[in-house]
Amino acid sequence: QVTLKESGGGLVQAGDSLRLSCAASIDRFALKTVAWFRQPPGKEREFVAAFSWRDDIDYADSVKGRFTISRDNAKNTVYLQMNSVKPEDTAVYYCATTARWRASVAAQYDYWGQGTQVTVSS
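Calculation notes
Residues numbered from 1 in each chain as written. Predicted model: local features only at pLDDT ≥ 70, side-chain atom pairs only at ≥ 80, totals over all residues. Heavy atoms only, no water. 1 Å grid on protein atoms, 1.4 Å probe; cavity = no way out; pocket = protein on both sides within 12 Å on 5 of 7 lines; lining within 4 Å. Points joined across faces, edges and corners; volume = space filled by probe spheres on them. Helix = DSSP H or I, 4+ residues; strand = E, 2+ residues; numbered from the N terminus. Nonpolar A, V, L, I, M, F, W, Y, C, P; charged D, E, K, R; others polar. Phe/Tyr/Trp six-rings, centres within 6.5 Å; stacked < 30°, edge-to-face > 60°. Buried < 20%, exposed > 50% of the residue type's maximum accessible area, 1.4 Å probe, protein only.

A. Quick peek at empty space enclosed by the protein. One pass over the structure, following the stated rule, counts 1 cavity of 30 Å³ or more. There is about 90 Å³ of room inside the largest cavity. Of all the secondary structure elements, the ones that give two or more residues to the lining of the largest cavity are β7 (67-72) and β8 (77-82). For the lining of the largest cavity, a count of residues per class yields 6 nonpolar, 4 polar and 2 charged.

B. Broad picture of the packing of aromatic side chains. Within the structure shown, the criterion is met by 6 aromatic pairs. Judged by centre distance (5.7 Å) and plane angle (75°), the rings of Phe 37 and Phe 47 are edge-to-face. Of this pair, Phe 37 sits in strand β4 (residues 33-39) while Phe 47 is found in strand β5 (residues 46-52), placing the two residues 10 residues apart along the sequence. Taking relative accessible area as the criterion, Phe 37 reaches 1% and is therefore assigned buried. Take Phe 47: its relative accessible area is 15%, and that puts it in the buried class.

Quick look at the structure:
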């Protein structure tokens, strides 16, 4: 059984910071990579960031240098620290997990949370 629950979304202004959390109820050893995706209004879901349990970390070019993915093993929680947010970061943000290494395509992920809305005003 895998359950992922996102939190931390909200309405912020351009230039602000926001931290999203993804609380996971999973068998860590069955799954290799955890990621954040987002779906802007009227667009397809897109990759944001991911890390694997062998410490590979990947970011989309659009967020590199502004967003940081991290984890707290004791809390079984993954975070997405979002700094210097822009209006184009407005989207529903999802966390997801897969048994694959370094996956960056939504179709490669097996388990998803319900999403949390982030809205950035200009």
